[in-house]
Amino acid sequence: MQELKITENESGQRLDKFLGKFMKEAPKSFLYKMLRKKNITLNGKKATGQEKLNTGDSVKLFLSEETIEKFSESTPLSIPVKELEKLDILYEDHNILLMNKPVGMLSQKAKESDVSAVEHLLGYLLHSNQIREENLKTFRPSICNRLDRNTSGILAAGKSLAGLQELSRLFKERSLAKYYLCPVVGTVKLTESVKGYLYKDEKTNRVRILTSEIPGSSYIETAYRPLAFGENITLLEVHLITGKTHQIRSHLAYIGHPIIGDYKYGNREINERYRREYGLTHQLLHAYRLEMPKMEGPLANLSEKVFFADPPELFQRVCKELENYRGN
């Protein structure tokens, strides 16, 4: 027999959903059969699976250890310390964690063998004893927003169920204000907001900017203002009003001001000059500011707070050639 005590991160969901997570490989028919036969009970009583769980509830599995192990997640979840990157944590509380993602780190896995920011987050929480490996069978802390592999800056993660749900809602509803820094080709003198439609080619992982809507396209809006200037280069602060794949990179390239170092959408000749002078091989795009809306509920302590992340050293070296540039 194995007893599972329901924690705060598991409460609020139905019993059958919880069991489906704990024994991920078990057919639903097996779980319902075990409930009918009282081989699985809730608070010592027969259950149907439809019950909503509360913190402190007791779920007992009158099953052999072999059966539980067979139906449980078999993939090792812990990560060796030597494979962990030390996270640059900007803010952390019981519900959320904000990190400054470095260039080269995936936000989330693209394939099974990848190690992404999610795995580094889980490794940090495991090795700092904030969670135990068995907790991950029924709830996994995760990243709530995405940045391209070679885009640096603020990644937001939910550590608790309430934090994950609330952060995900804020990003989905665009309640959070997200600001980026990027040096672009050319001189930009005006503060503007540009609109259009973005169409993604899944085969090439490239996007196109359109002036009118076509099937499969999405409306986009990108606002920017110039901060500093150099010879044929301007540092922009970009407000990402909508958030689509490669939106900032493609939108700025479309209006004639591609990001320095962006080989996918940018100017190859200019990029090669920066590669020779600085060793730059990726776009200089950094998510540097996150503004929280006025909030109540589980994240009320973050209401109207603003968080900043310093750009990488290479980003700052390139920008030092600009007039009026203010580094960290």
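Residues numbered from 1 in each chain as written. Predicted model: local features only at pLDDT ≥ 70, side-chain atom pairs only at ≥ 80, totals over all residues. Heavy atoms only, no water.

Visitor: Sorry, what's going on with the overall build of the protein chain here?
Guide: Looking only at helices and strands, one finds eight helices and 14 strands in the protein chain. Principal-axis analysis of the C-alpha atoms gives the protein chain an extent of 75 × 45 × 40 Å. A total of 328 residues make up the protein chain; the buried ones form 49% of that total. Intrachain contacts of the protein chain at a sequence separation of at least 6 include 63% that bridge at least 24 residues. In the form shown here, the protein chain has an accessible surface area of approximately 17,000 Å², with 47% of it arising from carbon and sulfur atoms. Positive and negative charge centroids in the protein chain, built from 50 and 42 side chains respectively, lie 5 Å apart. (Helix = DSSP H or I, 4+ residues; strand = E, 2+ residues; numbered from the N terminus. Buried < 20%, exposed > 50% of the residue type's maximum accessible area, 1.4 Å probe, protein only. Contact = heavy atoms within 4.5 Å. Areas by Shrake-Rupley, 256 points an atom, 1.4 Å probe, with all protein chains shown as cover. Lys, Arg positive; Asp, Glu negative; His and termini not counted. Charge placed at Lys NZ, Arg CZ, Asp CG, Glu CD.)

Visitor: How do you make sense of the layout of surface pockets when you look at a structure like this?
Guide: One water molecule sets the probe size; rolling that probe over the atoms shows where empty space is left. Space inside the largest pocket adds up to approximately 1,100 Å³. For the lining of the largest pocket, the element with the most residues is strand 13 (residues 286-291), which contributes four residues. Along the lines of polarity and charge, the residues of the lining of the largest pocket split into 17 nonpolar, 16 polar and 13 charged. (1 Å grid on protein atoms, 1.4 Å probe; cavity = no way out; pocket = protein on both sides within 12 Å on 5 of 7 lines; lining within 4 Å. Points joined across faces, edges and corners; volume = space filled by probe spheres on them. Nonpolar A, V, L, I, M, F, W, Y, C, P; charged D, E, K, R; others polar.)

Visitor: Please explain the pairing of strand 11 (residues 218-230) as it appears in this structure.
Guide: Where a strand is regular, its side chains alternate between the two sheet faces. Note: strand 9 (residues 192-201) against strand 11, seven bridges, orientation antiparallel. The partner of Ser193 across the bridge, within strand 11, is Ala223. Judged from the eight bridges that link them, strand 11 and strand 12 (residues 233-240) form a sheet pairing that is antiparallel. Residue pairing in the sheet places Ala223 in a bridge with His239 of strand 12. The turn linking strand 11 back onto strand 12 is made up of two residues, and Asn232 within it adopts a positive phi angle of 60 degrees. (Pairing = 2+ DSSP bridges.)

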